[in-house]
Structure formats: C-alpha cells, structure tokens
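Observations on the three-dimensional arrangement
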Number of protein chains: 2
Amino acid sequence: MAIQQKLSLMIPGPTPVPEKVLQALGKHPIGHRTKDFQDLVESTTKNLQWLHQTQNDILTITGSGTAAMEAGIINTLSKGDKVLCGENGKFGQRWVQVAKEFGLDVIKIEAKWGSPLNPDDFKTILEKDTEKEIKAVILTHSETSTGVINDLKKISTHIRNHEKALSIIDCVTSLGACSVPVDEWELDIVASGSQKGYMIPPGLSFISMSDKAWQASEKSNLPKFYLNLKSYKKSLLNNSNPYTPAVNLVFALDESLKMMRDEGLENIFKRHNRHKLAISKAALTLKLKLFADENYLSPAITAIEIDDINAEDFRKTIKKEYDILLAGGQDHLKGKIFRVGHLGYVNDRDIISVVAAISNTLLNQNKISSKEAGEALKVASNYLKIN
Amino acid sequence: MAIQQKLSLMIPGPTPVPEKVLQALGKHPIGHRTKDFQDLVESTTKNLQWLHQTQNDILTITGSGTAAMEAGIINTLSKGDKVLCGENGKFGQRWVQVAKEFGLDVIKIEAKWGSPLNPDDFKTILEKDTEKEIKAVILTHSETSTGVINDLKKISTHIRNHEKALSIIDCVTSLGACSVPVDEWELDIVASGSQKGYMIPPGLSFISMSDKAWQASEKSNLPKFYLNLKSYKKSLLNNSNPYTPAVNLVFALDESLKMMRDEGLENIFKRHNRHKLAISKAALTLKLKLFADENYLSPAITAIEIDDINAEDFRKTIKKEYDILLAGGQDHLKGKIFRVGHLGYVNDRDIISVVAAISNTLLNQNKISSKEAGEALKVASNYLKIN
C-alpha cells in the first residue's frame, strides 16, 4: 500500500505528529471510567488551560472543530437570538450556516476573502445596539481558507464594551500558533481542534467556556444532547466524560501538551512567526503574490497566488516530486491559490524544504532564474534566524 | 506512569485492540482530502456493508455511539412526532431522553432491567396504530447495562408490518458480536461504535441508513449541523467526509475490518456465542446469579449478581490481583452486579482467565470449595470447545 512513504504534511490539518505522540496514540486503550483515565483528564485539562491562558473550564469533545463551534453556539443561544457574524472566508461562512440552521437572526459583517474583518464595523454595530439585542459575536480568528488572521484583540475589546454579547470564537488554526490570551481578552467561548497546533491527529475538539458563557447556557433553549456542554461540565467535575471519549487520542494529547509545555508558549509563538515570515517573504522574492493582506498573515498558513500556472497542478507536482503535501484553494479559489500549512510540529528544515521545492518547481518551469531561486532560499533562511 | 502494565480489558468498551490495529493507529496521519484517504473510505465503507449484511449507505462519524443514535433520530424525525421507545436498561433510557430533548412524543414500552422487551407489546401498539401516527420505533438490541439481548428479529417483523414506522436501533454492543442482518430484517437505522465489536479504540461511530430512512430525512425539521447526515451522504459519494475525520482511527478501522473478514462472520458470531456460554455457565456453576434472563443473554457482556459481597469490591480485587478490568453496575445496580465484557478481540484464554480469576477470588473468600472452582473451569472449557 503506497499510503505512507515519507510524507511531509504541510496542509492546515492534519498536521505532522511527533513520534512520541504517535507512540502514545498506539498504546492499548484503558477503561475510560478508571482512576488512570481520570488522572489523564485532570492533567490534559490543566495543560489546556495553560495553552488557553485561562482559568475557564475547557471541555474536550470527540468530534471535529465544527462540532466544538456548533456546541458553543447551541449551548448559549436561543431561537431568534440576534447574532453578529464576521465572514471573510469559508469558515466564517460555515458559522453563518450553523447560526441560520438553528434559527438565529444573523447580521453579517463581511470582508473580501483575503482581507481582514474591520474591527470598526463591529464597533459601530455594537455601539448602536443600545437595546442590547445582540446576544453573541461569532467569528474566526485565523481564517484557514485564506491565510488571514483577524484582529481578535481589537474586536474583543468592542465586544467587551457592549457588555451583553458573548464572544464565540473559532480559534481552530490560531490556538497553539499565536497567543490567544483567553482571560486577558475575556473571550467567552473559544473552539479549537486536535489536528492543528496541538500536534495530534484529528478526532478531538476543545471548547473554553467563561462564567458568562455558562450563565447564558442556563437560558439557551436550542435542543442538543451529544453536544450539550452541561453534561461535559458535570462529568469534568469528576475528571470524566459523559460519553465514551476517544481514549487513545487523549493519550496523544497528554503527550503533546507536555511537549508544548517543555517548549514554552513564547517559543512556540516565535517559531510560528518565524516560519510565517520565512515562507511569505520567500514567496514575495519569487514574485508570487500573497493572497492575504500582508499585515494580517496567519501564523498557521500562507495562501499563495500563482499567475499563469494552475495552482492545483503546481501543488500536485510538488507532491509528486518531493512528497510534500500542500493544500489547494477551496471553493472559487480552487486552482487559483495553494496554501502552505506551517502549524504544529514544524521545524526550520520543513520550511526551507518547502521553499526549495516551490523555487525549484518554478525554476524547472522556467518561471524564475536560478538567482531568484537562490535569493528566495537566502531570504527564508534569514527569517529563520530571527528570534 | 502506572497507566499501562499488562491490562486485560474485559469491559463492554473500550475492548482489547489487536497489535496490528494499534500499529495502524500509530501511523503518521495523511491528508483527508487525498486519493489515499478516499481509497481508505471506499475500502472501509465496503467492509462495513459486509459486516452489516447490507447494501445501505453506512456513514462514519467522529463521535461516540450516542452521537450516532442522536443522528439517526434527529435526521429522520420532526418535532412532535410520535415514537415508540423500548426501555429495559440505561441505554434504552438514554434514547428516551434524546427523543424528549428534541420534542418527540414518546410512548414507552418498558421491561424490568434484566428482562427482555416483549415483542408482543410492540405488536399490540403498532397494530392499533391504524392512523400510522407512530413515525419510529427506537430500541437497543444488546442492552449493555444489563447484559440482555432483545429479540430484534421478532420486533423488527412487527415494525415492518406497520409499514410506516422507521426502526432506529442501537446495535452498539451487538454488531460484530452476533448477526445483525440489516437487509434481511429491513432495519432502517442502525447505530454502532468503534470501541466494541470493531476492535478499535473509541472515537468513531457508524450509522446505516435505508432508503426509507433517507426518504424520511427529506421531511425532518429538527435543527442539526455537525450531525446532519445529508452532508455525510453527499461527501460519501466522493469517498470523503464533510468535516475532518479521525484519520488515524480510520487507519485502524481498515485494518480491523480486514481481520474480521479473514475470520469470517460466522466464525466471529460462533466465538462470541461460545464465550458467552462459557462465562454464564461457569458463573451458574459457581452459584452466582445471572442478572439477565438466561434465554436472552447478550453475546457481548454477562452481568453477574453476587450476594453478600459488594460487587465493586469484588471487581476491584480482580483488577488488583490479576489486572483484569471488569465493569461495575450502573446507576442503582452499582455494587450489586459486575459485568464481564467478552466483545471484540477476545480469545479463549481471556475467557478461561476471567473464570479462573472469579473462581479463585471466591475461593479465597471462602465462598466456594476447591471442587466448585475446578468444576467452573471444567464447564467453561467444555463450552469453549463447542462449535
């Protein structure tokens, strides 16, 4: 079976998994109603709080990041509630769909794909809402589809000033890649997923709930069972789960969170920032265009536009020749952009390799000169040296 | 860390996982939007159909068995729909809770915990429903909390005769332990979970949907997003998933289903039957009581009542002395029964070991004689020899 040769995963999830974490994953399962498993839940919960920089409850759900975002929405809101949704990419779009499916009254704040949401748009609408009809603001921090990071720090200030509205934030590709100080920014609900900065395979998602979010949950009337977070909270008091959790993924999570603690938050964020700069600056050196606004580049993923070459063909060539898997564009961006994931367990060699692969592929297609290819490597390696 | 010594898991899930499957689980993940992963989805789906003895669609969800049962209910029914729920244990109870949470009008058919549901009760109510108001019949095939198997074959006949009502069946601990011929019994919705007969760790659940179930889904008005099965069906046409699936658990699933095909359905069912008989007959020889009606013993789990000894203490002694993990009683049965899981990757040695452990613990507590202990082993080994 040719499924696994020596693949380099440079997509925005699943991301590469350290050997130690894979070994933990491949252990024989244990009972989920045992003291040994409770110890794991206690340890991972404590380390999740460290990663989120919060004292809030953090619940672990067996499901994707979408399940966690849906849980945040349906546990705190009620039919007909007015919500403000930021939409500047595929994931922003998805949360609008979820909100509508559950009968919420959606006001959209849009920005062009590739541009960040404008914090002033939130400020204006929230300040006008003197009747406090807006119950929540829903948005995506790092928009995986476009490589844009939204200015959550500023937007969260406007949400706090409103006082009534909850913040429900998709931090699926920002958590573990850049600082998301949940307590400092007073974020009420933060959702994330295991196959991203957490360095473990997909299957778990995480949801951080503030006291204000729990208070709102008392009034929420949307039907839910598997995703009813009160059941998870009740079980967590006993370091347990309401339904059988993905035990082996929790083994892996425990190991990866320990590795993250060893590296340290600041070092993790600096590493992602270095990698983002190395790739984006190298791309510019190669005369490629960044799809995202250069002042709002996601620390997790860089979307690159490529003229007169089909981006799908380009990334397939790189897969074939170097066994590096890049992501394509989604929806209308298919064939127009490719996306380089640099999230989670990624080191400097992975970055220089992908720059070399991109450069060499352009060189082989006579799109650039050897000098330009060499300059791209030099630019990337210089950025890899910054602290 | 004392988490994993040489544990023998004899609980009704997580169940033991074969080495080969653990190795597949511990492989480096691949992209879930690749041809390699599509090949895996195609292969596992085909083998899931084989295991379910059906041509129906079988969808794989990242979540627990509860998520799959909820999905079955909320995708095919609408608020206010009348449903008939069988309840003779903790899981039957749970589906009543789910139905009520989503505003369904529940008629309960109950039997005492430890007794099977009476198929005639279903017949009577379904025959009386000449207006065809009952939209679905929801029940649990193997009731994990009590060790009872309900007579699904007979009950499904009554459901078919009604013509209108869908069957929504929890086969979480029956699938892979005994025959569940989905096409022959015309079961509309069948839910199951990975950490059971499938021999893989928890995290995936499966849902088989008949054409009639899909037709019903067109009219269902209950809100759902992550568990909206239409999205899974649409993706499955392309051997894909709507949201990032638990890729590594799918590696494991592919391996375990291949092992199951190698063993063959009939052999798997015979093995579970042998193990059920060996344990239950040995327990009777030891003068222990079976909690479940002896004519309706689950092939997956045997619940044993134990007089004048606290069942929790008893199973803790067996864990401490032999590192065999048995399950306790749930809710009001805690301390009154212990449960021996014999589901999935279990061989004859596991069975004779647990009989030896139970016998010896009783012997050490002067509850039985050496002769009785020896007789229990003999009875068990005789049943292990049957075909």
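As the structure is a computational prediction, the values presented were derived from the model and not from experiment.

With respect to the overall build of chain A
The helix and strand inventory of chain A stands at 13 helices and 14 strands. Against the 2.2 N^0.38 benchmark of 21 Å for 387 residues, chain A shows a C-alpha radius of gyration of 21 Å, consistent with a compact globule. When its C-alpha atoms are laid out on the principal axes, chain A stretches across 65 × 55 × 40 Å. Counting only residues that meet the buried cut, chain A has 57% of its 387 residues in that class. In chain A, of all internal contacts separated by at least 6 residues, the share reaching a separation of at least 24 is 72%.

Some thoughts on the relation of the copies chain B and chain A
Expressed as a screw operation, the relation of chain B to chain A combines 0.0 Å of axial shift with a rotation of 180 degrees, fitting to an RMSD of 0.0 Å. The operation mapping one copy onto its partner corresponds to a two-fold rotation axis. Closest approach to the rotation axis among the C-alpha atoms of chain B is made by B:Gly26, whose C-alpha sits 2.3 Å away. A shared interface surface links the copies, since 100% of the contact residues of chain B are contact residues in chain A too.

A few points about the environment of A:Ser192
All names here are of chain A. With respect to the helices and strands, the residue Ser 192 is situated in strand S9 (residues 189–193). Note: C-alpha distance between Ser 192 and Gly 80 (112 residues apart in sequence) is 26 Å. Leave out the neighbours within four places in its chain, and Ser 192 touches Gly 65, Ala 68, Cys 171, Val 172, Leu 175, Ser 205 and Phe 206.

Considerations on the nonpolar core
Within the largest apolar cluster, 259 residues are counted, with the highest numbers of intra-cluster contacts made by A:Ile138, A:Ile207, B:Ile138 and B:Ile207. Aside from chain neighbours lying at most four places away, what touches A:Ile138 is A:Ile73, A:Val83, A:Cys85, A:Trp95, A:Ala99 and A:Ile168.

Overview of the sheet that holds strand S13 (residues 324–328) of chain B
Hydrogen bonds between backbone groups are what pair the strands of a sheet, and the pairing can be parallel or antiparallel. Residues and elements named next belong to chain B. Here five strands make up an open sheet; going across it, the order is S1-S13-S14-S12-S11 and the pairing mixed. Each having just a single partner strand, strand S1 (8–10) and strand S11 (289–290) make up the two edges of the open sheet. One ladder, built from two bridges, connects S13 with strand S14 (residues 337–341); its direction is antiparallel. Of the residues in S14, the one forming a bridge with Gly 328 is Phe 338. Running at roughly 165 degrees to S13, helix H11 (residues 311–322) makes contact with S13 and S14 of the sheet. Lying over the sheet, helix H12 (residues 348–364) contacts S1, S13 and S14, oriented at roughly 85 degrees with respect to S1.

Focus: the environment of A:Asn150
Residues and elements named next belong to chain A. Inspection of the secondary structure assignment puts Asn 150 in the loop between strand S7 (148–149) and helix H6 (152–162). Using a count of 27 C-beta atoms within 10 Å as the deciding quantity, one classes Asn 150 as buried. Separated by 34 residues in the primary sequence, Asn 150 and Pro 116 have C-alpha atoms spaced 5.2 Å apart. Setting aside its immediate chain neighbours within four residues, Asn 150 contacts Gly 86, Pro 116, Leu 117, Leu 139, Thr 140, His 141, Glu 143 and Ile 155.

Overview of the pairing of strand S8 (residues 166–170) of chain B
Residues and elements named next belong to chain B. With respect to burial, S8 is a largely interior element, five of its five residues being buried. Two strands pair when backbone bridges link them, and strand S5 (residues 134–140) and S8 are joined in this way by five bridges, in the parallel orientation. Residue pairing for S8: Ile 138 is matched across the bridge by Ile 168. Sheet topology note: the S8/strand S9 (residues 189–193) ladder contains three bridges and is parallel. Across the sheet, residue Ile 169 finds its bridge partner in S9, namely Val 190.

Observations regarding helix H9 (residues 247–263) of chain B
Along its 17 residues, H9(B) runs 25 Å from first to last C-alpha, staying within 8% of the 24 Å computed at 1.5 Å per residue. For H9(B), a buried count of 12 out of 17 residues is recorded, marking the element as mostly surrounded by other parts of the structure. Every buried residue of H9(B) is listed here: B:Val247, B:Asn248, B:Leu249, B:Val250, B:Phe251, B:Ala252, B:Leu253, B:Asp254, B:Glu255, B:Ser256, B:Leu257 and B:Met260. Buried residues along H9(B) sit in contact with helix H1 (19–25) of chain A together with helix H1 (19–25), helix H2 (35–52), strand S10 (204–209) and helix H10 (265–285) of chain B. Just downstream of H9(B), B:Gly264 is the residue with a positive phi angle, here 95 degrees.

Here's the deal with the domain arrangement of chain A
All names here are of chain A. Split by domain assignment, chain A resolves into domain 1 (8–12 + 264–385) and domain 2 (19–262). Taking only C-alpha atoms, the centre of domain 1 and the centre of domain 2 are 28 Å apart. Between domain 1 and domain 2, the contact holds 21 residues from the first and 22 residues from the second. Of all elements in the fold, only helix H10 (265–285) and strand S12 (301–305) reach the threshold of two or more residues within the side of domain 1 that touches domain 2.

Side note on unusual backbone geometry
All names here are of chain A. Residue Pro 14 follows Gly 13 across a cis peptide bond; omega there is -5 degrees. Along the chain, Pro 14 turns up in the loop between strand S1 (8–10) and H1. For Lys 132, which is not glycine, the phi dihedral falls at a positive 55 degrees. Here Lys 132 is to be found in the loop between helix H5 (119–128) and strand S5 (134–140).

Examining the interface of chain B and chain A
For an interface, size is often stated in terms of accessible area lost upon the parts coming together. Facing the 44 residues of chain B at the interface are 44 residues of chain A. For the side of chain B that touches chain A, the secondary structure elements donating two or more residues are H1, helix H3 (65–76), helix H4 (90–101) and H9 of chain B. A per-class count over the side of chain B that touches chain A returns 24 nonpolar, 16 polar and four charged.

Concerning the sheet that holds S1(A)
All names here are of chain A. Judged by pairing direction, the sheet is mixed, and its five strands sit side by side in the order S1-S13-S14-S12-S11 without closing on themselves. Each edge of the open sheet is held by one strand with a lone partner, namely S1 and strand S11 (289–290). Packing of H10 onto the sheet brings it into contact with S11, S12 and strand S14 (337–341), and relative to S12 it is tilted by some 5 degrees. Strand contacts of helix H11 (residues 311–322): strand S13 (324–328) and S14, with the helix running at about 165 degrees to S13, the strand carrying the most contacts.

Observations concerning the pairing of S5(A)
Residues and elements named next belong to chain A. Counting buried positions along S5 yields seven of seven residues, so the element is predominantly enclosed. Relative to S5, strand S3 (residues 82–87) is paired through four bridges, and the arrangement is parallel. Looking at the pairing, Lys 82 lines up with Ile 134 of S5.

Observations regarding the packing of H2(B) against H9(B)
All names here are of chain B. In the contact formed by H2 and H9, the axes pass within 9 Å of each other and the chain directions differ by 45 degrees. In terms of axis orientation, H2 runs oblique to H9. Here H2 and H9 pass one another in a crossing that is left-handed. Across from Phe 37, Leu 40, Ser 43, Thr 44, Asn 47, Leu 48, Trp 50 and Leu 51 in H2, the residues of H9 making contact are Val 247, Val 250, Leu 253, Asp 254, Leu 257, Met 260 and Arg 261. Across the contact of H2 with H9, the residue classes break down as 10 nonpolar, three polar and two charged.

Section: the packing of H10(B) against H12(B)
All names here are of chain B. Where H10 meets H12, the closest approach of the two axes is 10 Å, and the angle between their N-to-C directions is 10 degrees. When the interaxial angle is binned, H10 and H12 end up roughly parallel. Between H10 and H12, the contacting residues are His 275, Ala 278, Ile 279 and Ala 282 on the first element and Ile 351, Val 354 and Val 355 on the second. Broken down by class, the residue content of the contact of H10 with H12 amounts to six nonpolar, one polar and no charged.

Some details on helix H4 (residues 90–101) of chain A
All names here are of chain A. Helix length check: H4 (12 residues) gives 16 Å between terminal C-alpha atoms against 16 Å at 1.5 Å per residue, within 8%. All of the buried residues in H4 are Phe 91, Gly 92, Arg 94, Trp 95, Val 98 and Ala 99. Down the axis of H4, the smallest arc covering the buried residues is 155 degrees, so these residues share one side. A positive backbone phi angle near 75 degrees is found at Gly 103, which sits one or two residues after H4.

Each value, and the rule that gives it
- Counting restarts for each chain: residues are numbered from 1 in the order of the written sequence.
- Each chain takes a letter, starting from A, and each ligand takes a number, starting from 1, following the order in which they are written.
- Where totals are concerned, whole chains, interfaces and linings use all residues; where local detail is concerned, this predicted model gives features only for residues with pLDDT of at least 70, and gives and counts side-chain atom pairs only at 80 or more.
- Numbering goes from the N terminus for both helices and strands, where a helix is a DSSP run of H or I of at least four residues and a strand is a run of E of at least two.
- C-alpha atoms define the radius of gyration in this analysis, and the globule rule sets the expected value at 2.2 Å times the number of residues to the power 0.38.
- Put simply, a residue is buried when 20 or more other C-beta atoms lie within 10 Å of its own C-beta and exposed when 12 or fewer do; between those, it is partly exposed, and each C-beta is set from the backbone.
- Two residues qualify as being in contact provided that their C-beta atoms, derived from the backbone, are within 7 Å of each other.
- Superposing copies: least-squares fit, C-alpha atoms only, residues required to have pLDDT of at least 70 in both.
- By definition, a nonpolar core groups buried Ala, Val, Leu, Ile, Met, Phe, Trp, Tyr and Cys residues that connect through C-beta atoms lying within 7 Å of each other.
- At least two DSSP bridges between two strands are required for those strands to pair.
- Interaxial angle, 0 to 180 degrees, is taken between N-to-C directions of lines fitted to C-alpha atoms, where a helix line uses only the stretch in contact.
- What a helix is expected to span follows from its residue count: subtract one and scale by 1.5 Å.
- These domain limits were set by an automatic method or by a database of domain assignments.
- Here the term charged refers only to Asp, Glu, Lys and Arg, the term nonpolar to Ala, Val, Leu, Ile, Met, Phe, Trp, Tyr, Cys and Pro, and the term polar to all other amino acids, Gly among them.
- Any angle that is under 35 degrees is reported as roughly parallel, and any over 145 degrees as roughly antiparallel; angles of 65 to 115 degrees are reported as roughly perpendicular and all others as oblique.
- Handedness of a crossing follows from how the near helix is turned relative to the far one, being left-handed for an anticlockwise turn of less than a right angle and right-handed for a clockwise one.
- When we speak of the arc, we mean the arc of directions from the helix axis to the C-beta atoms.

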